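# Descriptive analysis of the structure
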Amino acid sequence: MASVYELDAKISSCIQLDAEHVVSVDDGEILNLQQFEALQMERDKKIEGLCCYIKNKIADAEAIYAEIDVLSQRASVMKREAERCKNYLAGVLYGEKFETPRCKITWRKSEICNVLNIDAVPDEFKRTKVTVDADKTAIKKAIKGGAEVPGAEVIQKLNMTLK
């Protein structure tokens, strides 16, 4: 069976002689109109089959993503439960070592800095984070309105929709 591209080439390389016949400019073969229409139908079936294949792959991917979400939620619940149990143990043992053949609890000291009031902290101990981002919606609106925005452009795209 010919590919969609081969069929497309066959179709585009044919010219209609009369109401009943089509001739191939490549090999001079004369096809009747029914053969030509069957060729077009075969191409359409291939395109339709490929569309269905794409839809199935998208559906499979969405099902996998949905399962990932379910498993992620379950993992989060389990992690929170483990953290609650760990905090309970930390409160009960608070510094006391514990060891059995199956588990061991040890402690290490650490220090953290807790900022109670950021406004009271001197400037020399403050960091400032600056994020610069382009307002694409405003830029697009300005360009479409006739303004020139250096460093930006509006690009037209052709997006296929498959349903």
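Reading guide: rules and limits
Residues numbered from 1 in each chain as written. Predicted model: local features only at pLDDT ≥ 70, side-chain atom pairs only at ≥ 80, totals over all residues. Heavy atoms only, no water. Helix = DSSP H or I, 4+ residues; strand = E, 2+ residues; numbered from the N terminus. Rg over C-alpha atoms; globule rule 2.2 N^0.38 Å. Salt bridge = Lys/Arg side-chain N within 4 Å of Asp/Glu carboxyl O. Buried < 20%, exposed > 50% of the residue type's maximum accessible area, 1.4 Å probe, protein only. Disulfide = S-S within 2.5 Å. Pairing = 2+ DSSP bridges. Axes fitted to C-alpha atoms, helices over the stretch in contact; angles between N-to-C directions. Contact = heavy atoms within 4.5 Å. Patch = residues over 30% accessible without salt bridge, like charges linked within 9 Å, V, L, I, M, F, W, Y side chains within 5 Å. Areas by Shrake-Rupley, 256 points an atom, 1.4 Å probe, with all protein chains shown as cover. pLDDT = per-residue confidence, 0-100. Expected span 1.5 Å × (residues − 1).

### Comments concerning the overall build of the chain
If you tally the helices and strands in the chain, you get three helices and five strands. Moving toward the C terminus, one meets the helices and strands of the chain in the order α-β-β-β-α-β-β-α. The globule rule puts the C-alpha radius of gyration for 163 residues at 15 Å, and the 34 Å found for the chain is more than 25% above it. Along the three orthogonal principal directions, the C-alpha set of the chain runs to about 95 × 60 × 25 Å.

### Some remarks on the pattern of salt bridges
In total, this model carries one salt bridge according to the counting rule given. Put simply, aspartate 123 and lysine 126 hold a salt bridge, and the shortest N to O gap is 3.7 Å. The exposure class of aspartate 123 is exposed, given its relative accessible area of 64%.

### Things to note about the state of the cysteines
If you walk through the whole model with that rule in mind, you get zero disulfides. There is no disulfide at cysteine 51, and the cysteine sulfur nearest it, in cysteine 52, is 6.9 Å away.

### Considerations on the sheet that holds strand β1 (residues 14–16)
Overall, antiparallel pairing links the three strands, which are arranged β1-β2-β3 in an open sheet. This sheet does not close on itself; its edge strands, each paired only once, are β1 and β3 (30–32). On average, adjacent strands in this sheet sit at an angle of 30° to one another, irrespective of strand direction. Two strands pair when backbone bridges link them, and strand β2 (residues 21–24) and β3 are joined in this way by three bridges, in the antiparallel orientation. Residue pairing in the sheet places valine 23 in a bridge with isoleucine 30 of β3. The strands touched by helix α2 (residues 33–93) are β1, β2 and β3; relative to β3, the strand with the most contacts, the crossing angle is about 85°.

### Let's talk about the environment of lysine 136
Residue position: lysine 136 is located in helix α3 (residues 136–144). Linking lysine 136 and leucine 39, residues 97 residues apart in sequence, is a C-alpha distance of 46 Å.

### Things to note about a nonpolar patch on the surface
Judged by side-chain polarity, Ile64, Tyr65 and Ile68 come together as a nonpolar surface patch covering roughly 330 Å² of accessible area. Note that isoleucine 68 resides in helix α2. What makes isoleucine 68 partly exposed here is its relative accessible area of 40%.

### Structural notes on the confidence of the model for the chain
The predicted model of the chain averages 86 in pLDDT, with 91% of residues at 70 or higher. The secondary structure element of the chain with the lowest average pLDDT is helix α1 (residues 4–12), at 68, and the one with the highest is α3, at 94.

### A look at the pairing of β2
The side chains of a regular strand alternate between the sheet's two faces. Two elements, β1 and β2, share three bridges in a ladder whose sense is antiparallel. Bridging across to β2, isoleucine 15 finds its partner in valine 23. A loop of four residues connects β1 with β2, the two strands running antiparallel in sequence.

### A look at α2
For α2, built from 61 residues, the straight-helix expectation of 90 Å at 1.5 Å per residue is met to within 8% by its first-to-last C-alpha distance of 89 Å. Where α2 is concerned, the buried positions are Phe36, Leu39, Arg43, Lys46 and Leu93. Positive backbone phi, approximately 95°, marks glycine 95, located one or two places after α2.

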